[in-house]
Amino acid sequence: MTLAMQKILAWKLMPRLMMLVMTIVYIRVIEFAITTESLSSQHAAVVSVVTGAMTGAFATWVGHEK
């Protein structure tokens, strides 16, 4: 394995990039929910699913950062 690849793996760039992308998507979903005048049950379900996915991903990420 090359030195560059070892540094990339040591810095854990992919998990951190994935968490950044998930956080941006989560913020956009919350912005959508806040700006919608009448939130339907389908919209609320999407917000709930994204919130649950974000919670699980964050817990996994924090657990592996030790």
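About the cut-offs
Residues numbered from 1 in each chain as written. Predicted model: local features only at pLDDT ≥ 70, side-chain atom pairs only at ≥ 80, totals over all residues. Heavy atoms only, no water. Patch = residues over 30% accessible without salt bridge, like charges linked within 9 Å, V, L, I, M, F, W, Y side chains within 5 Å. Areas by Shrake-Rupley, 256 points an atom, 1.4 Å probe, with all protein chains shown as cover. Salt bridge = Lys/Arg side-chain N within 4 Å of Asp/Glu carboxyl O. Helix = DSSP H or I, 4+ residues; strand = E, 2+ residues; numbered from the N terminus. Buried < 20%, exposed > 50% of the residue type's maximum accessible area, 1.4 Å probe, protein only. pLDDT = per-residue confidence, 0-100. Axes fitted to C-alpha atoms, helices over the stretch in contact; angles between N-to-C directions. Parallel < 35°, antiparallel > 145°, perpendicular 65-115°, else oblique. Left-handed = near helix turned anticlockwise from the far one by under 90°. Contact = heavy atoms within 4.5 Å. Nonpolar A, V, L, I, M, F, W, Y, C, P; charged D, E, K, R; others polar. Expected span 1.5 Å × (residues − 1).

Q: For this particular structure, what's the right way to read a nonpolar patch on the surface?
A: There is a patch of nonpolar side chains on the surface, built from M14, L17, M18, L20, V21, I24 and V25 and spanning about 660 Å² of accessible area. Structurally, L17 is set in helix α2 (residues 13-35). A residue is classified by how much of its surface remains accessible, and L17, at 46% relative accessible area, is partly exposed.

Q: I'm lost on the pattern of salt bridges in this one. Help?
A: Oppositely charged side chains can pair when the atoms bearing their charge come close. Counted by the stated rule, this structure contains 1 salt bridge. Where E31 meets R28, a salt bridge forms, and the shortest distance between an N and an O atom there is 3.3 Å. Placement of both E31 and R28 in helix α2 is noted, with a separation of 3 residues, approximately one turn of the helix. Looking at R28, the relative accessible area reads 57%, which means it is exposed.

Q: Which parts of the structure should I look at to understand helix α1 (residues 3-11)?
A: Owing to its 3.6 residues per turn, the α-helix aligns residues three or four sequence positions apart on the same side. Buried residues are scarce in α1, accounting for 0 of its 9 residues. The first or second residue beyond α1 is K12, which carries a positive phi of 55 degrees.

Q: Just checking my understanding: could you explain the confidence of the model for the protein for this structure?
A: Chain-level statistics for the protein give a pLDDT mean of 87 and a share of 95% at 70 or above. Averaged pLDDT values for the elements of the protein fall to 80 in α1 and rise to 91 in α2.

Q: Even after reading the chapter, I still don't get the packing of α2 against helix α3 (residues 41-64), so can you show me in this structure?
A: Interhelical geometry of α2 versus α3 gives an angle of 155 degrees and a closest axis separation of 10 Å. Put simply, α2 runs roughly antiparallel to α3. Of the two possible hands of crossing, α2 and α3 adopt the one that is left-handed. From α2, P15, R16, M19, M22, T23, Y26, V29, I30, F32 and A33 reach across to α3, where they touch H43, V47, V50, T51, A53, M54, A57, F58 and W61. The residue inventory of the contact of α2 with α3, partitioned by class, reads 15 nonpolar, 3 polar and 1 charged.

Q: Help me understand α2 in this model?
A: Here α2 is 23 residues long and its end C-alpha atoms lie 33 Å apart, about the 33 Å a rise of 1.5 Å per residue gives. Where α2 is concerned, the buried positions are M19, V29 and A33. Looking at the buried side of α2, the elements it contacts are α3.

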